[in-house]
Amino acid sequence: MTTVLLSALRAWAMGDRSTAWPPRPDDPFLARVVAAVVDDPGQEWTLDSLASLGAMSRSVFSARFREAFGSSPASFVTEVRMRRAKELLDAGTPVSETSWALGYTSDEGFSRAFRRHTGIAPSAWRSDARSRASV
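Residues numbered from 1 in each chain as written. Predicted model: local features only at pLDDT ≥ 70, side-chain atom pairs only at ≥ 80, totals over all residues. Heavy atoms only, no water.

Enquirer: Would you explain the overall build of the protein in this entry?
Expert: What the protein contains, in helices and strands, is 8 helices and 0 strands. Listed N to C, the secondary structure of the protein is α-α-α-α-α-α-α-α in terms of helices and strands. Within the protein, buried positions represent 32% of all 135 residues. Long-range contacts, defined as pairs at least 24 residues apart, comprise 49% of the intrachain contacts of the protein with a sequence gap of at least 6. (Helix = DSSP H or I, 4+ residues; strand = E, 2+ residues; numbered from the N terminus. Buried < 20%, exposed > 50% of the residue type's maximum accessible area, 1.4 Å probe, protein only. Contact = heavy atoms within 4.5 Å.)

Enquirer: Whenever I open this one, the environment of Leu50 confuses me. Can you help?
Expert: Within the element layout of this structure, Leu50 appears in helix 3 (residues 47-53). With 24 residues separating them in the primary sequence, Leu50 and Ala74 have C-alpha atoms 9.7 Å apart. Once residues within four sequence positions are removed from consideration, Leu50 is found in contact with Val33, Val37, Trp45, Phe61, Pro73 and Val77.

Enquirer: Help me understand the pattern of salt bridges in this model?
Expert: Any two side chains of opposite charge can pair, so long as their charged atoms come close to each other. Scanning the model with the defined rule gives 4 salt bridges in all. Its salt-bridge partner being Glu79, residue Arg83 comes within 2.7 Å of it at the nearest N-O pair. Taken as a pair, Arg83 and Glu79 lie in helix 5 (residues 73-90) at a separation of 4 residues, close to a single helical turn. Judged by its relative accessible area of 33%, Arg83 is partly exposed. Among the residues examined, Glu79 registers a relative accessible area of 23% and is labelled partly exposed. Here Glu87 ties to Arg84 by a salt bridge, and the two come within 3.5 Å at their closest N and O atoms. Taken together, the residues Glu87 and Arg84, both in helix 5 and 3 residues apart, mark about one turn of the helix. Arg84 gets classed as partly exposed once you look at its relative accessible area, which sits at 26%. (Salt bridge = Lys/Arg side-chain N within 4 Å of Asp/Glu carboxyl O.)

Enquirer: Would you explain the side chain of Ser72 in this entry?
Expert: Following the sequence through the fold, Ser72 ends up in the loop between helix 4 (58-69) and helix 5. The exposure class of Ser72 is buried, given its relative accessible area of 16%. Looking at Ser72, its side chain comes within polar contact range of the side chain of Ser75, at 3.0 Å. (Polar contact = N/O pair within 3.5 Å; in protein donor to acceptor, adjacent residues only side chain to side chain.)

Enquirer: How do you make sense of unusual backbone geometry when you look at a structure like this?
Expert: Of all residues except glycine, most have a negative phi; of all peptide bonds, most are trans. One non-glycine residue with positive phi stands out, namely Ala55, at about 55°. Note on placement: Ala55 falls in the loop between helix 3 and helix 4.

Enquirer: What's the story with helix 4 in this structure? I'm lost.
Expert: Each turn of an α-helix holds 3.6 residues, which means side chains three or four residues apart point in the same direction. The first and last C-alpha atoms of helix 4 sit 16 Å apart over 12 residues, in line with the 16 Å expected at 1.5 Å per residue. Positive backbone phi, at 75°, marks Gly70, one or two positions downstream of helix 4. (Expected span 1.5 Å × (residues − 1).)

Enquirer: I keep staring at the nonpolar core and nothing clicks. Help me out?
Expert: Note that soluble globular proteins tend to have their nonpolar side chains buried in a common cluster. If you look at the biggest cluster of nonpolar residues, it comprises 14 residues, and the most contacted ones within it are Val37, Leu50, Phe61 and Phe76. Listing elements by their share of this core, those giving two or more residues are helix 2 (28-39), helix 3, helix 4 and helix 5. Counting residues per element, this core draws most heavily on helix 2, which supplies 5 residues. With residues up to four places along the chain from it excluded, the contact list for Val37 reads Trp45, Leu50, Phe76, Val77 and Val80. In this structure, Ala85, Leu102, Phe110 and Ala113 belong to the second largest nonpolar core, which totals 10 residues. (Core = buried A, V, L, I, M, F, W, Y, C linked by side-chain atoms within 4.5 Å.)

Written out as structure tokens, the structure reads:
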């Protein structure tokens, strides 16, 4: 885990666009979509709304997004939400409030998604963050 984190930090510091977060596509229409999702991850993002924001049809948007990022738009939205969730939980935000802020309709749904993404429950992540901060 530490090696992966250090590699990501080095790449970011050296300006490697392939590992930058958030990703910075050369396509201005995709860049607009990325910025909107990062700015408001709790919005109910659908393929239709993302494609509309990118001024493309759903099929063209999906293909261009996959080509640029190597994943689906839905996977990207989830990644943005999970990164934000980690930030909020690290800052001490309650799980319920984090879930609501990120557009989940239930704490259980958020907890399942978070556990799938990180391997641990959001409450455990939050507890770990508190113990790291006190060291």
